[in-house]
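Architecture at a glance
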Amino acid sequence: MCQDSVSYDLERSPYISYDNQDHPIKNNLIKSQSLGNTQQGASTAVLALFVVAILVTAIVGLLFGHKIGYQRGYHSMQTETKQAVITGKEATQELKDLRISNKIVTNEAATAKQELEISLANLKELRENQQALTVENKQVAQLNDIYAELLSEKGGMPLQVLGAKIEPLPENAFEYGFDVGMLASDGKAKRLKPTLTLLNDDDFVEVPLDPVSYTIEGVARIRGRFTMPSGFKPLQAKLSLKAGGQEVEQLYDWKLGAKVDSMPLSLLDLPEVDKSPIEP
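Below or above, wherever it landed, is the structure these notes cover. Keep in mind that what you see is a predicted model, and the values were worked out from it rather than measured.

Across its full length, the protein carries two helices and eight strands. Along the protein, helices and strands appear, N-terminal first, in the series α-α-β-β-β-β-β-β-β-β. For the protein, the residues scored as buried account for 18% of the 280 residues in total. In the protein, of all internal contacts separated by at least 6 residues, the share reaching a separation of at least 24 is 66%. As presented, the protein carries roughly 21,600 Å² of accessible surface, and 57% of it is formed by carbon and sulfur atoms.

Shown next, in the form of structure tokens:
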């Protein structure tokens, strides 16, 4: 605006004539005006280039930031998706394991219920058998009392051996068993003292019995175990009995039966002494 004003004033001034085109002042003014226009155009071009550079930089920055953000977001989304898939698989596997555990527990519960029912049925049957056995034992005892009373009235039953056995055991041990019968004429129980002796041609060994005496009123069952002395080989076993003023001696040849294949390795593995009646 300053330059335009100067030019306008020069053109309006009465002291300056523009008829001569080569006037130095006029030429200088024209050159100044051209230079100003050139500088103004150059400044405008620089400013435009600067603005364009800023815009390009901003656009590139936006594009670069968008790309980085997109890549980060995509990577984060992929990570979350993979984690979600893994979590889903783990949850599915846990659900399967839970179902399997539930089936196992259900089967175990059903099995336990069946076993309980079987046990209750067996217990009921056992109780019924026990009751029947108790009744039967009472009946047998009642019948035995009748027989004993009749035998006593007829003079009783003399002292005698009803059954005998000696069987080998592990560790050079043996198990003996004797069933002894006696019924006194007065029908009362008597004290029975047994003695077991092992004999050979030169020596004898008395077997310690436990208990040392019994009460006999019908049948007494003598049972026990002993260890054979080292180096002693008996030829006979003698059983001596004393009860109610009666004495009985019974000799048995020492015989060992066939080899027992199912014999335990130790006495500790043996059950209790068998008190079942001995077959003659």
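The rest of the description comes next.
Okay, the nonpolar core next. L159 and L192 are the most contacted members of the largest nonpolar core, which has 24 residues in total. Considering each element in turn, this core owes the most residues, five residues, to strand β2 (residues 173–183). Non-local contacts of L159, meaning those with residues more than four positions away in its chain, are made with V180, G181, M182, L192, I216, L241, K242, A243, Q246 and V248.

Attention now moves to the sheet that holds strand β1 (residues 157–169). The three strands lie next to each other as β1-β2-β6, forming an open sheet whose pairing is antiparallel. Each edge of the open sheet carries a strand with a single partner, namely β1 and β6 (218–227). The mean inter-strand angle of the sheet, taken between neighbouring strand axes irrespective of direction, is 15°. Judged from the ten bridges that link them, β2 and β6 form a sheet pairing that is antiparallel. Residue pairing for β6: F178 is matched across the bridge by I222.

Scanning the entire structure with this criterion turns up five aromatic pairs. Seen from their ring centres, F174 and W254 are 5.3 Å apart, and the 70° between their planes marks the pair as edge-to-face. Taken together, the residues F174 in strand β2 and W254 in the segment after β8 (246–253) connect sequence positions 80 residues apart. The same class applies to F174 and to W254, which are both buried.

This part is about the pairing of β2. Of all eleven residues making up β2, eleven are buried, and the element is well covered by its neighbours. Strand direction decides the pairing type here: β1 and β2, joined by ten bridges, are antiparallel. In the sheet register, Q160 faces β2, and the bridge partner there is G181. What sits between the antiparallel neighbours β1 and β2 is a turn of three residues, in which E171 has the positive phi angle 60°.

Quick look at the pattern of salt bridges now. When the charged atoms of two side chains with opposite charge come close together, those side chains can pair. Taken as a whole, this structure holds four salt bridges when the rule is applied. Notably, a salt bridge pairs E175 with R225, separated by 3.0 Å at the nearest N-O pair. Of this pair, E175 sits in strand β2 while R225 sits in strand β6; the two residues are 50 residues apart in sequence, bridging distant segments of the chain. Note on E175: relative accessible area 7%, which makes it buried. On the basis of relative accessibility, which here comes to 31%, the residue R225 falls in the partly exposed class.

Calculation rules
Residues numbered from 1 in each chain as written. Predicted model: local features only at pLDDT ≥ 70, side-chain atom pairs only at ≥ 80, totals over all residues. Heavy atoms only, no water. Helix = DSSP H or I, 4+ residues; strand = E, 2+ residues; numbered from the N terminus. Buried < 20%, exposed > 50% of the residue type's maximum accessible area, 1.4 Å probe, protein only. Contact = heavy atoms within 4.5 Å. Areas by Shrake-Rupley, 256 points an atom, 1.4 Å probe, with all protein chains shown as cover. Core = buried A, V, L, I, M, F, W, Y, C linked by side-chain atoms within 4.5 Å. Pairing = 2+ DSSP bridges. Axes fitted to C-alpha atoms, helices over the stretch in contact; angles between N-to-C directions. Phe/Tyr/Trp six-rings, centres within 6.5 Å; stacked < 30°, edge-to-face > 60°. Salt bridge = Lys/Arg side-chain N within 4 Å of Asp/Glu carboxyl O.

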